[in-house]
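Spelled out, the chains give:
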Amino acid sequence: MKICCIGAGYVGGPTMAMIAKQCPDIPVHVVDLNQARIDAWNSDNLPIYEPGLDEVVKEARGRNLTFSTNVDEAIAEADMIFISVNTPTKTFGIGAGRAANLEFIEKCARQIAKVSKGHKIVVEKSTLPVRTAEAVKRILSSSGNGATFDVLSNPEFLAEGTAVEDLLDPDRVLIGGESPESIKALCDVYAHWIDRDRILTTNLWSSELSKLTANAFLAQRVSSINAISALCEATGADVDEVARAIGTDSRIGPKFLKASIGFGGSCFQKDILNLVYLCEHFGLREVAAYWEQVVIMNDHQKQRFSERIVKTLFNTVSDKKIAVWGFAFKKDTNDTRESAAIYVCRDLLRERARLTIYDPQVPEKSIRAELTAACSDMQGQISENDKRLIEQNVTVVSDCYEASKDAHAIAVLTEWDEFKELDFDRIFQAMQQPAFVFDGRNLLDHQKLSKVGFELHAIGKCR
Ligand code: UDX
Ligand code: UDX
Ligand code: ADP
């Protein structure tokens, strides 16, 4: 058995590294068109930051784990080919802003069809709209080389920041397909380290839809608690107390009830919009509207937070310095895709605030690129005004002390652990007075900070 994976991103890279680590008998070849990304996977400086990943890669790389740009060669040699390419939201044409752009998936399928000989198992790892496998199968079956294919769906449920843990000890592995032999072949790979009773098998469509549904349910929980946070701020209830109280109901459960400035990440919004698009496609208008509300609520939460900052700072942040702590969409990752911080920063910039941003893992280049994209329209056009604001009013610094010096306010946008351990007396002394903290993650010790002298504003808590 030889494995190849097309796409060395956040999903393909860590997943294949774990398979290679746990299955020393299986050669695993990860390929990507992006030479810089492949070079990084082959270096000591991996392209993604993920706790524990360095060790996993080091153990397997050079033994049975290879990264290269030799896409054709890797496909030709493999018995099993994972497709882990990106499926971003379409920005043009029919379904723009909602539907998934399946261009990269289709290109992979065509490439596989062109290069393959003999029999291959093709595994969809990327998150896809339900019934994508149908298109993949049709393209594969048009291969002129006499090759035969089985298509499986094996969605990845890992979360960023805990990818290694999630891969090592997943709640379940889901495999959808039609051919029992192919399903067994993939089960055998995972069974190297995962109990068979945690490997669920189902048909293709249920597997594809389960991934979208899982992400929609998780995002819905975050939007639900965030909706309640607004009511808490209005009524004097405390959202963390409400979450604790409802989380002890075993039917609800305690996880994913942390109120925040809104969910981010590459999956939640994209997958829900994709679900909404699918529902509309099948004429299910009410169902589409139900799920769309999860995204609407999330946008509202981000906007509510920046508005609260402006209102609290005496209705103007123009020319005020705001220290932004954290830019990643959650802690323990350098990923900024759809991070709520982007939109909060954009709105504050448009109010003419001066931002000093610090994130332990996100480089300045990514921060500027994200802000530029958030200020641009779908064609990538940005106004001169927004461009100037990003150039002149954004400074990226290398720690929280530097960020907060002379600031009027601190906005905590990512829940990095290191933010809890700072010298708050020192920070307070160096700030403009009154010194405000807007804790967008309910991360800090609010009592302690109030004692130091800060004026605190937190999500779902009234002052
Ligand atoms: C509910 C709450 O569960 C309980 O904690 C609260 O104190 C009162 O309201 P109840 O209305 O008695 O209790 O019944 P419940 O078991 O929650 O079911 C409510 C409705 O939801 C029923 O019609 C039930 O058939 C339906 N339901 C429940 C589903 O359709 N699917 C489910 O998975 C669960
Ligand atoms: C998610 C799913 O969890 C994972 O199973 C799927 O494979 C990919 O999408 P990920 O986006 O990496 O993973 O991170 P996740 O931990 O789910 O967090 C998503 C967003 O929700 C983050 O911005 C996070 O800060 C936010 N969130 C999460 C909350 O605001 N409150 C919570 O209680 C949980
Ligand atoms: P994900 O979060 O789903 O892993 P990423 O964007 O991090 O998404 O990674 C997807 C990777 O797939 C990118 O590195 C991209 O260069 C790669 N890719 C896209 N299309 C192809 C293709 N046809 N052949 C090889 N690699 C591809």
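Residues numbered from 1 in each chain as written. Chains lettered and ligands numbered in written order. Predicted model: local features only at pLDDT ≥ 70, side-chain atom pairs only at ≥ 80, totals over all residues.

Asks: Explain the overall build of the chain to me, please; I cannot follow it from the model alone.
Replies: Across its full length, the chain carries 18 helices and 14 strands. For 463 residues, the compact-globule formula gives about 23 Å, and the C-alpha radius of gyration of the chain, at 23 Å, lands near that figure. C-alpha extents for the chain along the principal axes are approximately 75 × 50 × 45 Å. Restricting the contact set of the chain to residue pairs at least 6 apart, pairs at least 24 apart contribute 76%. (Helix = DSSP H or I, 4+ residues; strand = E, 2+ residues; numbered from the N terminus. Rg over C-alpha atoms; globule rule 2.2 N^0.38 Å. Contact = placed C-beta atoms within 7 Å.)

Asks: Is there a simple way to explain the site of ligand 2 in this structure?
Replies: Around ligand 2 sit 19 residues in total, of which Lys 258, Ser 260, Phe 263, Gly 265 and Cys 267 are the nearest. At 3 residues, the largest contribution of residues to the shell around ligand 2 is made by helix H9 (residues 204–235). Tallied by class, the residues present in the shell around ligand 2 amount to 11 nonpolar, 4 polar and 4 charged. Mapping the shell around ligand 2 onto the domain boundaries places at least three of its residues in each of domain 1 (3–202) and domain 2 (268–458). (Near = placed C-beta within 6 Å. Nonpolar A, V, L, I, M, F, W, Y, C, P; charged D, E, K, R; others polar. Domains from an automatic or database assignment.)

Asks: What should I look at first to understand the domain arrangement of the chain in this one?
Replies: Quoted interface sizes are often the accessible area lost when the parts come together. Taken domain by domain, the chain comprises domain 1 (3–202) and domain 2 (268–458). Once you take the C-alpha centre of each, domain 1 and domain 2 turn out to be 33 Å apart. A per-class count over the side of domain 1 that touches domain 2 returns 11 nonpolar, 5 polar and 3 charged.

Asks: Looking at this model, I keep getting lost on the sheet that holds strand S13 (residues 436–439). Mind explaining?
Replies: Sheets are built from strands that pair by backbone hydrogen bonding, the pairs being arranged parallel or antiparallel. Strands sit in the order S11-S10-S9-S12-S13-S14 across an open sheet of 6 strands; the sheet is parallel. Here the strands that pair on one side only, and so sit at the sheet edges, are strand S11 (394–396) and strand S14 (455–458). This sheet shows a mean twist of 20 degrees between the axes of neighbouring strands, independent of strand direction. Note: S13 against S14, 4 bridges, orientation parallel. Its bridge partner being in S14, Phe 438 is matched across the sheet by His 457. Against the sheet, helix H12 (residues 285–312) makes contact with strand S12 (409–412), S13 and S14, and its axis sits at roughly 165 degrees relative to S13, the strand it touches most. (Pairing = 2+ DSSP bridges. Axes fitted to C-alpha atoms, helices over the stretch in contact; angles between N-to-C directions.)

Asks: What's the story with the environment of Val 310 in this structure? I'm lost.
Replies: Considering the arrangement of structural elements, one finds Val 310 in helix H12. Under the C-beta neighbour-count criterion, Val 310 is labelled partly exposed, with 17 such atoms within 10 Å. Taking the C-alpha atoms as reference points, Val 310 and Leu 348, 38 residues apart in sequence, are found 7.9 Å from one another. Ignoring any residue separated from it by four or fewer positions in sequence, one finds Val 310 in contact with Asn 315, Val 317 and Glu 351. (Buried ≥ 20, exposed ≤ 12 C-beta atoms within 10 Å, placed from the backbone.)

Asks: What's the story with the UniProt feature "active site" (unreviewed entry) in the chain in this structure? I'm lost.
Replies: Summarizing the sequence annotation, UniProt attributes the feature "active site" (unreviewed entry) to Cys 267 in the numbering used throughout. Looking at where Cys 267 falls in the secondary structure, it is placed in the loop between helix H10 (239–247) and helix H11 (268–281). (UniProt positions renumbered as here; feature names shortened; annotations may be inferred.)

Asks: In this structure, what is going on with the pairing of strand S4 (residues 80–83)? I would like to understand it.
Replies: If a strand is regular, its side chains alternate between the two faces of the sheet. Residues Met 80 and Phe 82 point to one face of S4 and Ile 81 and Ile 83 to the other, with burial holding for every one of them. Judged from the 4 bridges that link them, strand S1 (residues 3–6) and S4 form a sheet pairing that is parallel. By the bridge assignment for S4, Cys 5 is matched with Phe 82. Bridge analysis of S4 against strand S5 (residues 119–124) gives 4 bridges, and the strand direction is parallel. Directly across from Met 80, in S5, lies its bridge partner Ile 121. Where the polypeptide runs from S4 across helix H5 (residues 103–115) and back to S5, its parallel neighbour, the crossover connection is right-handed. (Right-handed = clockwise from strand over helix to strand, strands pointing away.)

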